[in-house]
Amino acid sequence: MPIFAAEVANTFEMNSWFFDNAWLIPALMAASFVVTLFFGKRLGAKAHVIGVGAVAASFVLALLTAYSWISQVEGYDGGAENAVVATELAAGDEFAAEDVTSHNVEGGGAATPAPVVTSVCWFDTGDAPNNNCDDRGAAKAVGIGTLIDGQSVMMLVVVTFISLLVHVFSTDYVSGDRRYTHYFAFLSLFTASMLFMVLASSTLQLIVGWELVGVCSFVLIGHWWEEKPNSDAAMKAFLTNRVGDIGLLIGVSILFVTAGNTFDIQTINNAALTGVISQNSLLVASLALMAAVMSKSGQFILHTWLPDAMAGPTPVSALIHAATMVVAGIYMIGRLYPVFWEGLSIAGSNLNAMALIGGITTVGGGLLAFVQRDIKKVLAYSTVSQLGYMVMALGVGAWTAAMFHLFTHAIFKACLFLGAGSVSHSVHSFDMKNDMGGLRKYMPKTFITFMIATGALIGLPPLAGFWSKDEILAGAGVWSGTGGNGTYYIPFIFGLITAGLTAAYMTRTIWLVFFGQYRGNGTPHESGPRITIPLSILAGLAVVVGFLNVPEELPLIGSRFGLKFQNWFEPGGGTVFPVIAHAKPSFSLAIVATGIGLISIFTVWTYYQRLYAKDSRATEVTGGIRDRSALARAGHTVLVEKYYLDHLYTGVIAGSTKGWLARSAYWVNQNIIDNVINYTGKGAAATGRFLYRYIDQGAIDGTVNGTGLTALSVGGILRRMQSGKVRQYATLMFGAATVLAAIFIIAV
Amino acid sequence: MFLNQFLLFAALLFCIGVYGVLTRKNGVLILMSIELILNAVNINLVAFGAFNGTIAGQVFALFVIAVAAAEVGVGLAIVLLIYRNRRSIDVSEADLLQG
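Residues numbered from 1 in each chain as written. Chains lettered and ligands numbered in written order. Predicted model: local features only at pLDDT ≥ 70, side-chain atom pairs only at ≥ 80, totals over all residues.

### Side note on the overall build of chain A
Here is step 1 of the chain: Helix and strand counts for chain A come out as 32 helices and four strands.
Here is step 2 of the chain: Long-range pairs, those at least 24 residues apart, make up 78% of the contacts in chain A between residues at least 6 apart in sequence. (Helix = DSSP H or I, 4+ residues; strand = E, 2+ residues; numbered from the N terminus. Contact = placed C-beta atoms within 7 Å.)

Quick look at the structure:
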């Protein structure tokens, strides 16, 4: 854009200011956490002002940072720097030279400036030259800082924006809550932690942020901990995430050692691509990191905590368990893409393990959404499914498509969750079958925004989800003419199935909530402006953000807006990256994918229309396929039981270990630890008695008494000398003087 | 020089003073005896000063006379108070400080 180009020279100083001081964004939120926690109570019902103010300021800062980045990208002439990098790498390692092509050089697209790293010395263990962490090769010195590139500025904007809307939404949704300040304090802490993680320039910092968001998630899921299921859900989320966190720790440790004692993300990425890290280490490290991704981003088989996490307040679900925290795993894959890409490529089969995991997740999650009664659980499984989509996209090399889907998904899924919150705020329930239905008449604003967001999720053109989903499908490279960087049949088929599933379960949800007849108690009412305005903003964006990355071939708008997202946010510059698949958009593929969605919508819609015709209050058919076919019944049971994964975890794994573990722990406690304590206690008592009798009573008391008696008797003798007679004193004085004089005379 | 004569005279005077202090019971006589002791010292100081040819001895003697005057002032005041309390200035009776 010419506007940007003209301003580049003038704004260079300003740009670098935003890049160097990006730490302010999380710092603001952290300050808001502390202030809210300590002074929030005094503000009472106005405790949210601190958090809302801070997050608004953060959002503005993030927008300015993103603007600076984009203007730098637009004004960057690229080329030279990248060529140098590629040449150096090529000279260094013959084998790696094939892989190591900064995509800009290879793809010939718009160049992106190098990431901006600003860091200070966090700690060093003595070996850093002059205590200087800037020398990033220096072993044993760890810096803490910010890494600004396209990916991080994109996430900065997403996180602060959704967080801002959720803060505003929450002021209405949780008003009057007994832990109102606590809620906003932790909302702030979450945002701070997430931003900290997003800006991480080292893997160690990534772990810190990663664990912090986990803690905030735990606290906020269990916000209403007085009810057992809520605290159970919080515990489950925390423990399931711990399983993955161990993987994260192992993965980061392996990368630290193998990449030459460094936590620096760019150095690690370089090392992964240039073959510094051996293939085996990469495989183990990426598998361990994948476990972390699976737990945090709800991939099969560690996704089970995510639906349960819906026990938390709905705005929290929107912010943490849909838009931001759960994409932390996706974000990490994107950050350490060379590690994952090189490590998880299944040799020779043109398939990446990420694509498999993502594919299974996307279909498995989608199927589970069909049997949920709780509107939030439908959305939760939908989130699982969409996260699977992103991981799958990363697995087929469509980095940009995955990040774009992350971006659009954050917006429309936040809108869906907040819409669900608005509905439940009105009907005081999450149960679609018992307490909802026909709400489109009562809540028109919520209805319209929810419909738009659903359209975006299903992928109806021209809403946001359509563009991102289509890009992923094209990225699989199966459809003729799409290209991509390989042909991945399984992910492609899974992607198409999910497109159908998504359309079907969302139609079911829409019908159960907004159509038919109202089945709940009382009369629902539309929510207030603090709820509907965030919804409207999100719905509006769900319409337009898709245009950020439309294909350049698209008539009318393609040449103006085409591939902006890709140009702005893709890594480039001094970074090395695996080749990112830039599939060619295919008109026929878009028609087929949309067609599958429309057929699903039509089928489900017809099903419910016929049901409604028979009984206006019915939510499921009696005497349907489930009653006639044993196979369908069994399938339904498996889905209701969530593939028996919870039974596997709590019944089989926990159940088979906790019995003997508890018994042996009890035995150790009774026989070993207790004995140690008992004997220690007895020994101490005996020592005490001995000390009392002999040392205290004998030695110490004797000394004290003896000293007193001695002083008394000496005093009795000496008192006789003091007669009070002056002349006697004088006599003594003169006598003594005489004696002294005599001694003096004799001696000298 | 005839220093020895002065020293012997001073020693004699000193002994008389000591004798007076030790044997007299009368408070006023004790104070007078102390004056004798001090004057014996003064004689010594002046004699040594003259012998060495300096005036330091005479200066010291003047100081001693001044201090002695103060001492007698305090001493007579004590004696006077003892007399008012006991109608006697016998120091052997004033033995309240015995241990």
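Following the structure, the description resumes.
### A short note on the overall build of chain B
Here is step 1 of the chain: In terms of helices and strands, chain B carries three helices and zero strands.
Here is step 2 of the chain: Written out in order from the N terminus, the α and β elements of chain B read α-α-α.
Here is step 3 of the chain: Across the 99 residues that make up chain B, the buried fraction comes to 14%.
Here is step 4 of the chain: Partitioning the contacts of chain B with sequence separation of at least 6, the portion at a separation of at least 24 is 45%. (Buried ≥ 20, exposed ≤ 12 C-beta atoms within 10 Å, placed from the backbone.)

### Some points on the interface of chain B and chain A
Interfaces are often described in size by the accessible area the parts lose on coming together.
Here is step 1 of the chain: Every contact between the two is made by ten residues of chain B and, on the other side, ten residues of chain A.
Here is step 2 of the chain: The residue makeup of the side of chain B that touches chain A, split by class, is six nonpolar, three polar and one charged. (Nonpolar A, V, L, I, M, F, W, Y, C, P; charged D, E, K, R; others polar.)

### Details of the confidence of the model for chain A
Residues and elements named next belong to chain A.
Here is step 1 of the chain: On average, chain A scores 81 in pLDDT, and the residues at 70 or more come to 87%.
Here is step 2 of the chain: In this model residues 1-10 is a low-confidence stretch, pLDDT under 50, and it forms eleven contacts with partners more than four residues away in sequence or in other chains.
Here is step 3 of the chain: Between residues 79-110, whose pLDDT stays under 50, and residues either more than four places distant or in other chains, the model counts 55 contacts. (pLDDT = per-residue confidence, 0-100.)

### What about the nonpolar core?
All names here are of chain A.
Here is step 1 of the chain: In this structure, Ala414, Cys415, Ala453, Leu538 and Ala542 are the most contacted members of the largest nonpolar core, which totals 205 residues.
Here is step 2 of the chain: Ranked by the residues each element gives to this core, the list is headed by helix α19 (residues 399-427), at 18 residues.
Here is step 3 of the chain: Ignoring anything within four residues of it in the chain, the contact list for Ala453 reads Phe412, Cys415, Leu416, Gly419, Leu538, Ala539 and Ala542. (Core = buried A, V, L, I, M, F, W, Y, C linked by C-beta atoms within 7 Å.)

### Some words on helix α11 (residues 265-274) of chain A
Residues and elements named next belong to chain A.
Here is step 1 of the chain: Within α11, eight of the ten residues are buried, leaving the element largely enclosed by the surrounding structure.
Here is step 2 of the chain: Among the residues of α11, Ile265, Gln266, Ile268, Asn269, Asn270, Ala271, Ala272 and Leu273 are the ones counted as buried.
Here is step 3 of the chain: The positive-phi residue at the C-terminal boundary of α11 is Gly275, with phi of around 80°.

### Overview of helix α23 (residues 464-475) of chain A
All names here are of chain A.
Here is step 1 of the chain: The terminal C-alpha atoms of α23, which comprises twelve residues, lie 17 Å apart, in line with the 16 Å expected from a rise of 1.5 Å per residue.
Here is step 2 of the chain: The element α23 is largely enclosed, with a buried count of twelve among its twelve residues.
Here is step 3 of the chain: Buried within α23 we find Ala464, Gly465, Phe466, Trp467, Ser468, Lys469, Asp470, Glu471, Ile472, Leu473, Ala474 and Gly475.
Here is step 4 of the chain: Here the buried face of α23 lies against α18 (375-395), α19, α22 (444-458), α24 (489-514), α25 (529-544) and α28 (587-614).
Here is step 5 of the chain: Downstream of α23 by a residue or two, Gly477 has a phi angle that is positive, lying close to 75°. (Expected span 1.5 Å × (residues − 1).)

### Comments concerning the confidence of the model for chain B
Here is step 1 of the chain: Scored by pLDDT, chain B has a mean of 90; 98% of the residues are at 70 or more.
Here is step 2 of the chain: Across the interfaces of the predicted complex, the ipTM metric reaches 0.83, alongside a pTM of 0.72.

### Points about the packing of helix α12 (residues 279-296) of chain A against helix α15 (residues 328-335) of chain A
Residue and element names in this part refer to chain A.
Here is step 1 of the chain: Two elements in contact, α12 and α15, have axes separated by 7 Å at closest approach and are oriented at 150°. Between α12 and α15, the angle is such that the two are roughly antiparallel. Across the interface between the two elements, Leu289, Ala292, Val293 and Lys296 of α12 pack against Ala328, Gly329, Met332 and Ile333 of α15.
Here is step 2 of the chain: Along the lines of polarity and charge, the residues of the contact of α12 with α15 split into six nonpolar, one polar and one charged. (Axes fitted to C-alpha atoms, helices over the stretch in contact; angles between N-to-C directions. Parallel < 35°, antiparallel > 145°, perpendicular 65-115°, else oblique.)

### Some thoughts on the environment of Tyr649(A)
Residues and elements named next belong to chain A.
Here is step 1 of the chain: For Tyr649, the position within the fold is in helix α31 (residues 645-718).
Here is step 2 of the chain: As a C-alpha pair, Tyr649 and Thr304 span 345 residues in sequence and 9.6 Å in three-dimensional space.
Here is step 3 of the chain: Setting aside residues no more than four positions away along its own chain, Tyr649 makes contact with Thr304 and Ala654.

### Examining unusual backbone geometry
All names here are of chain A.
Here is step 1 of the chain: Cis geometry marks the peptide bond from Phe300 to Ile301, where omega comes out at 10°.
Here is step 2 of the chain: For Ile301, the position within the fold is in the loop between α12 and α13 (305-308).
Here is step 3 of the chain: Here the bond from Pro461 into Pro462 is cis, since omega is 5°, no more than 30 degrees from zero.
Here is step 4 of the chain: Note on placement: Pro462 falls in the loop between α22 and α23.
Here is step 5 of the chain: The phi angle at His428 is positive, at roughly 60°, despite the residue not being glycine.
Here is step 6 of the chain: Here His428 shows up in the loop between α19 and α20 (432-435).
Here is step 7 of the chain: A count of 11 C-beta atoms within 10 Å places His428 in the exposed class.

### Some points on the packing of α22(A) against α24(A)
Residues and elements named next belong to chain A.
Here is step 1 of the chain: Two elements in contact, α22 and α24, have axes whose closest approach is 9 Å; the angle formed by their N-to-C orientations is 170°. In terms of their interaxial angle, α22 and α24 are classed as roughly antiparallel. Every residue of α24 that contacts α22 at Phe447, Met451, Thr454, Leu457 and Ile458 is listed here: Thr502, Ala503, Met506, Ile510 and Phe514.
Here is step 2 of the chain: Class assignment of the residues belonging to the contact of α22 with α24 gives a composition of eight nonpolar, two polar and no charged.

### Points about the environment of Pro551(A)
Residues and elements named next belong to chain A.
Here is step 1 of the chain: Secondary-structure assignment places Pro551 in the loop between α25 and α26 (558-561).
Here is step 2 of the chain: Look at Pro551 and you get partly exposed, because 19 C-beta atoms sit within 10 Å.
Here is step 3 of the chain: In the structure, Pro551 is positioned 36 residues away from Phe515 in sequence and 36 Å away in space, judged by C-alpha atoms.

### Re the environment of Val748(A)
All names here are of chain A.
Here is step 1 of the chain: Its place among the elements puts Val748 in the segment after α32 (726-747).
Here is step 2 of the chain: Val748 gets classed as exposed once you count the C-beta atoms within 10 Å, which come to 5.
Here is step 3 of the chain: Considered as a pair, Val748 and Ala686 are 62 residues apart in the sequence and their alpha carbons are 66 Å apart.

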